[in-house]
Amino acid sequence: MSRPDTRPATPGQLRFYLLDQQDGGAARTLVKRITAEGTADPGRLRDALRAVVTAHPALRTSLHLDPEGLRRRVHDPDAVDMVVQATADPDALVAAQSAELAAPFEHGGGPLCRIRALVGPRHTHCLIAVHHAVFDDDSTALLLSALTGAYADPATTGPAADDRDDDEPAPQADEERLRAFWRRYLEGCPQRTELPWTRSAAGRRKRTVVRDLPAALHDRLRHRARTTGASPFAHFLGAVAAVTAWYLDRDDVVLAVPVSGRGDGGDRRIDCLQNTVPVRVDLAGADTSTVVDRAVDALFDALDHAELPFEEILSGVRAVREPGRKPLAQILCTETVPVPAVEAGGLRWTIGETDTGEAEYDCCLALRHLPGGGMRLELVHREGALPPERARNTVDHVARLLERLTDDPVRPLAAVDLLGETEEAELAVLEGAPLDPDPRPVHELVLRHARTTPEATAVTDGDRTLSYAALERRSRAVARALTGRGVRPGDRVGICLPRGTDLVVAVLAVWRAGAVYVPLDPEYPADRLRFIVADTAPAVVLGDRALPGALRDAPGVLPLDMADAGAAVPRAAMRRRRTRTGARTSCTRPARPAGPRASWWDTPG
């Protein structure tokens, strides 16, 4: 039976709850796997697991939306979904059980924790699924310590977890001090710090790129930590900031960093006590000897004021919010350390994480410390958010800059070469002998390829490709649709499409119609789109079914959906032409461009 009393949810729990409503919450289900080598006693293990959930109320907590707001409720231990199963082969069941546990939690019900223990004759797997709203990075080691302690000595559960509420709001004066700091710290900062080729990703399936750092490099990083006080993570943060600044061609970047809320580490509760803070790194005039110092100063300024919840930081600085994009800082930087094995109760216990295949951030760069003492760079991104080669290049560039930051020679950042052999070879081609440009328009060159190599690949966008024949055919259909809407040579045509094959088709179609195109980024704010349209007065705006309302409703704009434009255009439409004043005259063909474009139109499809 659940305890009747509830408390207001913490700001972090409210943030996770709202994110769950947006995307279903699978990315915030964490599945921990504790493996015990040796023969475990099923009854003793069940008692130990029950002791852990009894001692740590967060594992018995659920979130409920009531009329007064989001509240957290602590249940009795029996409410936790726990199954202890004896099996001859626990390894055979791990994958299926982990996948089942990785399902999103439903709020408004029972505790945000599920447990499956698979007890075998030689080893045991304890799979513990928890929601991120009640579990943070520090809780991983605490979970292993609590379970091994309870199993080794059933009479005790180790240090009792205090069921106090440390989430009381800060005094008004302290809160105002924190808000004032963040307003100063982030004043005038860029609202977007993301890899420039980041694309919107519909799903949350993740892709991972890893690179192990050479032994000499992680030895130098540890040596510099001892001699300068700058940790390997500070070097990593500085390298990520500098590489991102290089990509974006600016000196001011803001990165997201999760920080522990446990102070000196004395708080032994399993719970989510961490916060995320924006770290603003100013690299103006920096060189390889000062990048890390800049990162350290920025990081400690943020850490000293990390008590203010992330959502309140964003509200205080009026961060711009856009659908499908994290506000302010779109790159998350983290560090992980392995949890040492524990010998307890005659068993050897280790803990790891089961990969759920979901990514919460569009782009997360991590410095991972490996059990053997090595270090690894890892970039986790949502499938489709980054081109694979760009993701690999990013990890390589960060690794190379770490090498440069730990070298003795001091060099300006602009003088640091981060390109690999493949990139150098591509650059050499671009910097080769001057090419004799072909005087013909681009669309005529495409037509030539369509005639000579029709099945050759013309455009690639992830898994989608267009042959030259398909590109010519589709662009011709869209061009005819444009002229059917009254577009004449010299007119302007707006293009509001995401990067992809349709964008290439649209640009070629506009050129084939003899017009010029006006780029309208669909991610621009509505006011900016309206201003561009009012300033350029396009005859037609090419878009898709997600064309922003700011364009559909703009006066004088005639939207044309690419899906409709690609269809056959009725001859009656081809016989009308809109004059510049907006009137229509019938029984006239669209004016045909002079010169080479005439033969382009007469070319059979």
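Nothing here was measured: the structure is a model prediction, and the numbers come from that model.

Draft legend 1. Representation of the overall build of the chain. Check the secondary structure of the chain and you find 19 helices and 23 strands. Split into buried and exposed, the 605 residues of the chain put 48% on the buried side. Counting only carbon and sulfur atoms, one obtains 51% of the accessible surface of the chain, whose full area is about 29,100 Å².

Draft legend 2. Quick peek at the environment of Thr288. Mapped onto the elements, Thr288 comes out in the loop between strand S10 (275–282) and helix H8 (291–303). Each C-alpha atom of the pair Thr288 and Pro409 lies 8.2 Å from the other, and the pair is 121 residues apart in sequence. When sequence neighbours within four positions are dropped, the list of residues in contact with Thr288 reads Arg404, Leu405, Pro409, Val410, Arg411, Leu413 and Val416.

Draft legend 3. Region of interest: the sheet that holds strand S21 (residues 559–561). Ordered by their spatial adjacency, four strands build an open sheet running S19-S18-S20-S21, and the pairing between neighbours is parallel. A strand with exactly one partner marks an edge of an open sheet, and here the two such strands are strand S19 (516–519) and S21. The sheet shows a mean angle of 30 degrees between the axes of neighbouring strands, direction not considered. Two elements, strand S20 (residues 540–543) and S21, share three bridges in a ladder whose sense is parallel.

Draft legend 4. Representation of helix H15 (residues 526–536) within the structure. All of the buried residues in H15 are Leu529, Ile532, Val533 and Thr536. In an axial view of H15, the angular spread of the buried residues amounts to 95 degrees, which keeps them on one side of the axis. Opposite the buried face of H15, at more than 90 degrees from it, the exposed residues are Asp527, Phe531, Ala534 and Asp535. In this fold, the buried residues of H15 make contact with strand S18 (492–495), S19 and helix H16 (549–552). Positive phi shows up at Ala537, right after H15, with a value of about 50 degrees.

Draft legend 5. Here's a closer look at a negative patch on the surface. The grouping of Asp293, Asp297, Asp301, Asp304 and Glu307 at the surface amounts to a negative patch. Relative to the elements of secondary structure, Asp304 occurs in the loop between H8 and helix H9 (310–316). Judged by its relative accessible area of 48%, Asp304 falls in the partly exposed class.

Draft legend 6. Structural context of the pairing of strand S16 (residues 457–461). Relative to strand S17 (residues 464–467), S16 runs antiparallel, the two being bridged by four bridges. The residue bridging Thr460 from the neighbouring strand is Thr465, located in S17. The turn joining S16 and S17, which pair antiparallel and follow one another in sequence, is formed by two residues; a positive phi near 65 degrees is taken by Gly462.

Draft legend 7. Structural context of the sheet that holds strand S13 (residues 347–354). With respect to topology, six strands assemble into an open sheet ordered S5-S6-S7-S2-S13-S12, the strand pairing being mixed. Strands with a single pairing partner mark the edges of an open sheet, and in this sheet they are strand S5 (81–86) and strand S12 (342–344). When the angles between neighbouring strand axes are averaged without regard to direction, this sheet yields 20 degrees. Here S5 pairs with strand S6 (residues 113–119) via six bridges, running parallel. Residue pairing in the sheet places Val83 in a bridge with Arg116 of S6. Contacts between helix H3 (residues 90–101) and the sheet are confined to strand S2 (29–37), S5, S6, strand S7 (123–131) and S13, with S7 contributing the most and set at about 5 degrees to the helix.

What counts and what doesn't
- Residues numbered from 1 in each chain as written.
- Predicted model: local features only at pLDDT ≥ 70, side-chain atom pairs only at ≥ 80, totals over all residues.
- Heavy atoms only, no water.
- Helix = DSSP H or I, 4+ residues; strand = E, 2+ residues; numbered from the N terminus.
- Buried < 20%, exposed > 50% of the residue type's maximum accessible area, 1.4 Å probe, protein only.
- Areas by Shrake-Rupley, 256 points an atom, 1.4 Å probe, with all protein chains shown as cover.
- Contact = heavy atoms within 4.5 Å.
- Pairing = 2+ DSSP bridges.
- Axes fitted to C-alpha atoms, helices over the stretch in contact; angles between N-to-C directions.
- Arc of directions from axis to C-beta.
- Patch = residues over 30% accessible without salt bridge, like charges linked within 9 Å, V, L, I, M, F, W, Y side chains within 5 Å.
- Salt bridge = Lys/Arg side-chain N within 4 Å of Asp/Glu carboxyl O.
- Lys, Arg positive; Asp, Glu negative; His and termini not counted.
- Charge placed at Lys NZ, Arg CZ, Asp CG, Glu CD.

By themselves, these observations are geometric and do not establish any function.
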